[in-house]
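Below are the chains, spelled out letter by letter.
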Amino acid sequence: MAEKAEALVRDNSFLEFRLDYLSKPGLAMARIKRFTESHPSTVVIATCRRAASGGKFRGSIAAQLEVLSKAAMAGCPLVDVELQTASKCKPAQLDRLRSRAALILSFHDFRATKKLDETLGKMLACPADFYKIVSTATTLSDNVTMIKFLGREGDRHSLVGMCMGEQGIISRVLGLRAGSVFTFAAASSSEATAPGQVTAQELRSVYRIEQVDAATRVYGVVGDPIAHSLSPAIMNAAFRRENVNAVFLALHAKTLKDLLTCVREIPIYGISVTMPYKEAILPHLDNTDSHTAKIGACNTVVRAQDGKLYGFNTDAAGVVRPLERRLPTLEGARILVLGAGGAARAAVFGLKERGAEVYILNRSAAPARKLAHRARARIMKRADLKKMAFDVIVNATPVGMGNTRESPLEEKEINARYVFDMVYDPAETRLMKLAQERGAQVIPGIEMFVHQAARQFEIWSGKPAPWDEMLRVVLLALQERSNRAKSAK
């Protein structure tokens, strides 16, 4: 523990020692004292949470208080005692502990976010220097509950508040500006001490938590699931490069109603919409551009000053822009689009608007016929592929996502100058490999992802997108993800 603290202390002068993770915390005091004496400007919280309160310490309350008292004497200026322990202590016991260090009185709800005011009322009966209330977000709206609570009570009491869980990221990033005195982060991704806890490096570099203030605009990517999304990394990098006072969060919305509550209440000024809400969100928008209406799917929402929601679709830009960089013109280009879902519709309409001759091939004939009719495109039968040559084949299906085994086409069916795979993870798909073997030039899905994100950035900020920086960041993130996967094996 001390070695990890030594490695972290240069960038983090505020640390928590979870003594309950040590089998014999009493034996650590000499080492802790050496650490605090050699780093006098570092503030250390000593925590020894009992198993009954969600920790790992199995000793008695008296033993717990003794560990914390020794930690205070070893140089830890803050000690954390949970409400369950404090309620069973005599006032003199806590007064004695508090005479040696500042007291954080804490309460953790591992199931829900409820009765925050009632909980605080119980805690105020016990004198403390900080009152820490940590709940669990089961919906995005739970963050709103926590943030409003901090806003109401933060001026009157020294509060620390946040929501655990994947859906609690909003409170971890925005809690400070709402009134929380501090927040918590993990030393590394494998050392989280609470569900949904992100790393200190992520809080600083991705979410730029030290720059978040009352004027910071909140944006996010919404979907179910959402943990895999690279959008926070790419968008926050763009905001940083262009000096936009904004933060971009991953929003795991299990229902559309929950998301819309968050958009209104926080407020959120823009969202990137992914599956399964691209079509479902349309009836909730006040207006959309004609392109979005034609596609029948929205992936970008802007919240205006008056609260009205406006929808756009940038998936088409993600397809068109990479092709325009390679082909002299899209007008008259013969392009085969695989799929008939939301991504395929965006590609088909975007390419038709540029004058391309578009063919559609889909596993199910009915959706392909419907899309071809609406876009005035042509239907393609798989049996005819070997007889046809295209300028571009675009894979708008999820086949090949997350693996290098599957491909929507066989090698002999690929007869095109360019093959553009919308799948961006893995970086080289089976389809791309087969296309290269056939002599085609490949366009990786990462370009589609970056170009559609760049267009979103332009819509939200009114500034040109730093495309090169966005591409660099997402390539780096994919490489790190690949390295983690390899090391896990």
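1. Looking at the overall build of the chain
A count of helices and strands for the chain gives 18 helices and 18 strands. Considering only C-alpha atoms, the chain reaches an extent of 85 × 50 × 40 Å along its principal axes. A total of 489 residues make up the chain; the buried ones form 54% of that total. Carbon and sulfur atoms provide 50% of the accessible area of the chain, an area that totals close to 22300 Å². One way to put it: in the chain the 69 positive side-chain charges average out to a point 3 Å from where the 50 negative ones average out.

2. Some thoughts on the nonpolar core
Counting residues in each nonpolar core, the largest one holds 79 residues, and the members touching the most others are I170, L259 and I271. Take this core: its biggest share by element is six residues, from helix 3 (residues 61-73). Not counting chain neighbours up to four residues away, the residues in contact with L259 comprise L140, V222, L251, A253, I271 and I281. Counting 33 residues, the second-largest nonpolar core is a separate cluster that includes V337, A347, F349 and A372.

3. Comments concerning the environment of S135
Structurally, S135 can be placed in strand 5 (residues 130-136). It is 26 Å that separates the C-alpha atoms of S135 and P91, two residues lying 44 residues apart in sequence. Apart from residues lying up to four places away in sequence, S135 is in contact with D109, A112, T113, M146, M162, C163 and M164.

4. Some details on the packing of aromatic side chains
Aromatic ring pairs are defined here through the distance separating the ring centres and the angle between the ring planes. If you walk through the whole model with that rule in mind, you get 10 aromatic pairs. Judged by centre distance (5.5 Å) and plane angle (40°), the rings of Y219 and F239 are tilted. With Y219 in strand 7 (residues 217-223) and F239 in helix 10 (residues 231-241), the pair connects residues that are 20 residues apart, well separated along the chain. Y219 gets classed as buried once you look at its relative accessible area, which sits at 5%. Ring centres of Y219 and W460 lie 5.2 Å apart, and the angle between their planes is 40°; this geometry places the pair in the tilted category. In this pair, Y219 sits in strand 7 while W460 sits in helix 17 (residues 445-461), placing the two residues 241 residues apart along the sequence. Across the pair, W460 and Y219 agree in class, each one buried. Positioned above the aromatic ring of Y269, the side-chain terminus of R217 is 4.1 Å from the ring centre. We note R303 situated over the ring of Y269; from NZ or CZ to the ring centre the distance is 5.8 Å.

5. Thoughts on the pairing of strand 1 (residues 14-18)
Bridge analysis of strand 1 against strand 2 (residues 43-47) gives five bridges, and the strand direction is parallel. Considered in strand 2, the bridge of E16 is made with I45. The β-α-β motif built from strand 1, the intervening helix 2 (residues 29-38) and the parallel element strand 2 has right-handed crossover chirality.

6. Side note on the sheet that holds strand 10 (residues 287-288)
If you trace the six strands from one edge of the open sheet to the other, you get 8-7-9-11-12-10, paired in mixed fashion. The sheet terminates laterally at strand 8 (246-252) and strand 10, the two strands that pair on one side only. Note that strand 7 and strand 8 share seven bridges and pair parallel. The residue bridging Y219 from the neighbouring strand is F248, located in strand 8. Each of strand 7 and strand 8 is contacted by helix 8 (residues 169-178), which is oriented at about 145° to strand 8, the strand it contacts most.

7. Considering the packing of helix 6 (residues 116-124) against helix 7 (residues 141-153)
Viewed as axis vectors pointing N to C, helix 6 and helix 7 meet at an angle of 45°, and their least axial separation amounts to 10 Å. It follows that helix 6 is oblique to helix 7 by the angle criterion. Counting all contacts with helix 6, which are made through L116, D117 and L120, the residues of helix 7 involved are T145, M146, F149, R152 and E153.

8. Some words on the pattern of salt bridges
On inspection of all chains with the given rule, the structure shows 29 salt bridges. The partner of E357 in a salt bridge is R334, and the shortest N-O contact between them spans 3.7 Å. Of this pair, E357 sits in strand 14 (residues 357-361) while R334 sits in strand 13 (residues 334-338), and the two are 23 residues apart along the sequence. For E357, a relative accessible area of 24% corresponds to the partly exposed category. Residue classification places R334 among the partly exposed residues on the basis of a relative accessible area of 27%. Salt-bridge contacts for K387 lead to D384; the nearest nitrogen and oxygen are separated by 3.2 Å. Salt bridges sharing partners connect three or more residues here, namely R241, D468, E469 and R472.

9. Observations regarding helix 17
Along its 17 residues, helix 17 runs 24 Å from first to last C-alpha, staying within 8% of the 24 Å computed at 1.5 Å per residue. Counted residue by residue, helix 17 has 13 buried out of 17 residues, so it is predominantly covered. After helix 17 finishes, the residue G462 shows a positive phi value of roughly 75°.

10. Notes on the sheet that holds strand 14
Here we have six strands laid out as an open sheet, ordered 15-14-13-16-17-18, and parallel in their pairing. The strands lining the two open edges of the sheet, one partner per strand, are strand 15 (378-379) and strand 18 (441-443). As paired strands, strand 16 (residues 390-395) and strand 17 (residues 416-421) are joined by five bridges and run parallel to one another. Bridged to N395 within strand 17 is D421. Across the sheet, helix 13 (residues 315-324) touches strand 13, strand 16, strand 17 and strand 18, and the angle it forms with strand 17 is around 145°. Taken strand by strand, helix 14 (residues 342-353) contacts strand 13 and strand 14, and its axis lies near 165° from that of strand 13.

11. Some details on unusual backbone geometry
A cis geometry characterises the amide bond from D224 onward to P225, with omega recorded as 10°. With an omega dihedral of 15°, the bond running from D425 to P426 counts as a cis peptide bond. Mapped onto the fold, P426 is located in the loop between strand 17 and helix 16 (430-437). Positive phi, normally seen in glycine, also occurs at K115, with a value near 50°. Mapping K115 onto the fold places it in the loop between strand 4 (102-108) and helix 6. Notably, R208 is not glycine yet its phi reads approximately 45°, a positive angle. As for its position among the elements, R208 is in the loop between helix 9 (200-206) and strand 7.

Reading guide: rules and limits
- Residues numbered from 1 in each chain as written.
- Predicted model: local features only at pLDDT ≥ 70, side-chain atom pairs only at ≥ 80, totals over all residues.
- Heavy atoms only, no water.
- Helix = DSSP H or I, 4+ residues; strand = E, 2+ residues; numbered from the N terminus.
- Buried < 20%, exposed > 50% of the residue type's maximum accessible area, 1.4 Å probe, protein only.
- Areas by Shrake-Rupley, 256 points an atom, 1.4 Å probe, with all protein chains shown as cover.
- Lys, Arg positive; Asp, Glu negative; His and termini not counted.
- Charge placed at Lys NZ, Arg CZ, Asp CG, Glu CD.
- Core = buried A, V, L, I, M, F, W, Y, C linked by side-chain atoms within 4.5 Å.
- Contact = heavy atoms within 4.5 Å.
- Phe/Tyr/Trp six-rings, centres within 6.5 Å; stacked < 30°, edge-to-face > 60°.
- Lys NZ or Arg CZ within 6 Å of the ring centre and 35° of its normal.
- Pairing = 2+ DSSP bridges.
- Right-handed = clockwise from strand over helix to strand, strands pointing away.
- Axes fitted to C-alpha atoms, helices over the stretch in contact; angles between N-to-C directions.
- Parallel < 35°, antiparallel > 145°, perpendicular 65-115°, else oblique.
- Salt bridge = Lys/Arg side-chain N within 4 Å of Asp/Glu carboxyl O.
- Expected span 1.5 Å × (residues − 1).

By themselves, these are just geometric observations and shouldn't be taken as functional.
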